[in-house]
Every structure is written in structure tokens, then in C-alpha cells.
Amino acid sequence: MNETELPPRRIYVAGHRGMVGSAIVRRLCSGGYGNPITRTHAELDLTRQAAVEAFFEQERPDYVFLAAARVGGIQANNTQRADFIFQNLAMECNVIEAARRSGVRRLMFLGSSCIYPRDCPQPIREDYLLTGPLEPTNEPYAIAKIAGIKLCEAFNHQHGTRYLSVMPTNLYGPNDNYDLNNSHVLPALIRKAHEAKVRGDAELVVWGSGRPMREFLYVDDLADACVRLMEWGVGEGLYNIGTGEDVTIRELAVSVMEVVGFRGEIVFDASKPDGTPRKLLDVGRLRERGWVASTPLREGIALAYADFLQRYGAA
């Protein structure tokens, strides 16, 4: 597929105010696709079927990036389990069915690497899906995302749609969530390190043992991969999106401390959960198409910290 096949005003980005959706909007605009169709949650509640169907009937988008989701870190996933499974199931079911009814040409469903089994071989290939038990702390969210993947597959099989699923690794960057009650590990570390520096603390407390390994992808790199897949005409299947490299939480914390300028010591709180021991994606399918992430982790952390300072007016 070439770029002229993406009509500038017929692209709908669901979840455009979130970290992922806003990055996709930036990438589309910089790529010459004009202003995508967007709606805030106040304008369109994606958990309401009738409202979603009316929106699709009115706007008739040709392409859809389904980036809207209820997201959060370990604590949020583990304490708001009903919200995470219900709201994500409702959003993806409503959007995917309304897209079919209105004749959307192609849809991209954005999932999460937590869909894969807790203890599956590393790096994680796409065909490891449903080969073992999930990580218990985020099981409801993962089940909802797995359902979205299978929904796309079933619609393609039964209705001849062209719906693609992509599974990003751990994301960070502009518009990230820094709420310590429901954020992911990297933004939480940025905020905690900054506040510890401002207070003059001697220690930075980090959840868990520091041993789990995680892969991190700058969100604008994800957006580039998503748009590229649409441009290339990929209309089905499952693609991992990541860097193909991981670090321990301890190494991550050290990098964040250096970027933020916190000079104290790291203390690990082993009473808090570690989550999955390791989660590194096999990104071979995407690399075969010539795409690789372009933002090194240390550079990305610096960009994320600058965004944190700008958004929160921190000194």
C-alpha cells in the first residue's frame, strides 16, 4: 500500500488524548495525512454501543487506529480488575463491530505484551499466545486484549474484514501517566526520582526486587511502526512492536536517577510484587519488513523527563 491510499480526513484515532493515540496523531500529521478524526471521552463514550454506532454511521472513517483503553500499572490492574476487563471488552467490541457495519477498510487494534503467558520462552514470539497461564496481577486486562485479537481474527475469517493487531512492549514518552497509584514502572520512577531530588531524600524506594527484566519502547517509535504497517497494506495477523532489547528494573532505576539528577541510594521493597520475571518481545516479523526502533532508552528517558517537567511545571 502506498501513502496516497490513506485519505487524510478519513482516519479515526480512538483514544487520541492518551499516550499512544496522541503519538499516532502526531505521526499522521507529520506524515501529511492532515487532521485525523478524533473524539474526547466526553464527546463519545466508547463503552456505549449506540453512541459508537451513531458516530461511525455519521463519520464513515476508512481507517481506524483503536488505541483507546483502560490502562495502568500493577497496582491499578490488581485492584480494579472488574473495570479493566469490562471497559476494555466494551470498547473493543463496540468499535470493531461498528467499524464492520460502516464499511471501514482497515482497522488496527493495539494490545499489550501482557497478553503472553507469564513464564513463556524468551524472546516472546507471536505464536506463544495462549500457550500458558497469564500473570495473575494483570489477568483481567490481558484477557480483554486477547479477546480483541481473537475478535479481529474472527471478523476477518467470517466477514472478510482486514483487521490487524499489534502488541507493543512497555511504552513511555509524551503524555504518559505519572499518577503513582496507577502508572507503569518507568513514569513512576521518573516522578519518584524527581520528587526525591526536590526533597533532598537520601533514598529512592523501588517496588520489588529489581531483578525482573523489561523492554521499553519510546511511544513515537510505536506510532511510526503502526502507521508504517497501515502504509504497507498489512491487513491481518499479529505483530509484536518493541526494541528487541531489555534491562533489569535495577538498571532502569539507575538510568532514571542519572537522567533526573538524583544522587541518593536505591532501596528495593521486596514486599511489593515483581510481576512477570521477564518480558522481551521477538520483533523479527517487523524487522523483516525493515522497521527498527530509533530512540535509545537513555535518550528516551531524557525526552520523557523533559515532558514531565513541562506538563507538571516542576522545577
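Whatever comes next refers back to the structure up there.
Right, let's walk through the structure included here. This is a predicted model, so every value here is computed, not measured. (Residues numbered from 1 in each chain as written. Predicted model: local features only at pLDDT ≥ 70, side-chain atom pairs only at ≥ 80, totals over all residues. Heavy atoms only, no water.)

Observations concerning the overall build of the protein
Logical step 1: Scanning the protein from N- to C-terminus turns up 10 helices and 12 strands.
Logical step 2: For a compact globule of 315 residues, the expected C-alpha radius of gyration is about 20 Å, and the protein comes in at 19 Å, within 12% of that figure.
Logical step 3: Counting only C-alpha atoms, the protein reaches 60 × 40 × 40 Å along its principal axes.
Logical step 4: Burial statistics for the protein: of 315 residues in total, 52% are counted as buried.
Logical step 5: Taken as a whole, the protein presents about 13700 Å² of accessible surface, with 48% of it coming from carbon and sulfur.
Logical step 6: Charge separation in the protein, taken as the distance between the mean sites of 36 positive and 39 negative side-chain charges, equals 2 Å. (Helix = DSSP H or I, 4+ residues; strand = E, 2+ residues; numbered from the N terminus. Rg over C-alpha atoms; globule rule 2.2 N^0.38 Å. Buried < 20%, exposed > 50% of the residue type's maximum accessible area, 1.4 Å probe, protein only. Areas by Shrake-Rupley, 256 points an atom, 1.4 Å probe, with all protein chains shown as cover. Lys, Arg positive; Asp, Glu negative; His and termini not counted. Charge placed at Lys NZ, Arg CZ, Asp CG, Glu CD.)

Notes on the pairing of strand β2 (residues 63-66)
Successive side chains on a regular strand alternate, one facing one side of the sheet and the next facing the other.
Logical step 1: Burial along β2 is two-sided: Y63 and F65 and V64 and L66, pointing in opposite directions, are all buried.
Logical step 2: Where strand β1 (residues 11-14) and β2 come together, four bridges link them in parallel fashion. The partner of Y12 across the bridge, within β2, is V64.
Logical step 3: Bridging between β2 and strand β3 (residues 106-110) involves four bridges; their strand directions are parallel. Bridge pairing links Y63 to R106 in β3. (Pairing = 2+ DSSP bridges.)

A word on the pattern of salt bridges
Any two side chains of opposite charge can pair, so long as their charged atoms come close to each other.
Logical step 1: For the structure on display, the rule yields 21 salt bridges.
Logical step 2: When the shortest N-O distance is used, the salt bridge between R39 and E59 registers 2.6 Å. One end of the pair, R39, is in the loop between α1 (19-30) and α2 (49-59); the other, E59, is in helix α2, and 20 residues separate them in sequence.
Logical step 3: Between R125 and D127 there is a salt bridge, with its nearest N and O atoms 2.5 Å apart.
Logical step 4: Accessibility expressed as a relative area gives 37% for R125, which makes it partly exposed.
Logical step 5: Given the relative accessible area of 47%, D127 is considered partly exposed. (Salt bridge = Lys/Arg side-chain N within 4 Å of Asp/Glu carboxyl O.)

Observations concerning the sheet that holds β2
Logical step 1: Spatial strand order, β1-β2-β3-β4-β9: five strands in an open sheet with parallel pairing. The sheet terminates laterally at β1 and β9 (238-241), the two strands that pair on one side only. Each neighbouring strand pair of the sheet contributes to a mean axis angle of 15 degrees, computed without reference to strand direction.
Logical step 2: Here four bridges tie strand β4 (residues 163-168) to β9, and the two strands are oriented parallel to one another. Across the sheet, V166 pairs through a bridge with Y239, a residue of β9. (Axes fitted to C-alpha atoms, helices over the stretch in contact; angles between N-to-C directions.)

Structural notes on the side chain of S22
Logical step 1: Along the polypeptide, S22 turns up in helix α1.
Logical step 2: For S22, a relative accessible area of 8% gives the class buried.
Logical step 3: Reaching out from S22, the side chain makes a polar contact with the side chain of N175 at a distance of 2.8 Å.
Logical step 4: Setting aside its immediate chain neighbours within four residues, S22 contacts G15, H16 and N175. (Polar contact = N/O pair within 3.5 Å; in protein donor to acceptor, adjacent residues only side chain to side chain. Contact = heavy atoms within 4.5 Å.)

Structural notes on helix α7 (residues 219-231)
Logical step 1: Its 13 residues place the ends of α7 19 Å apart at the C-alpha level, agreeing with the 18 Å of an ideal helix rising 1.5 Å per residue.
Logical step 2: When you tally the buried positions in α7, you get 11 out of 13 residues, the bulk of the element.
Logical step 3: For α7, the set of buried residues is V219, D221, L222, A223, D224, A225, C226, V227, L229, M230 and E231. (Expected span 1.5 Å × (residues − 1).)

Regarding the nonpolar core
Logical step 1: Formed by 40 residues in total, the largest nonpolar core has its most connected members in Y12, L46, F56, V95, L107 and Y116.
Logical step 2: Membership of the second largest hydrophobic core comes to 31 residues, among which are V219, A225, V227 and I241. (Core = buried A, V, L, I, M, F, W, Y, C linked by side-chain atoms within 4.5 Å.)

Quick notes on the environment of E53
Logical step 1: Looking at the element boundaries, E53 is found in helix α2.
Logical step 2: Along the chain, E53 and R118 lie 65 residues apart, while their C-alpha atoms are 36 Å from each other.
Logical step 3: Discounting chain neighbours no more than four positions away, the residues touching E53 are A98 and R101.

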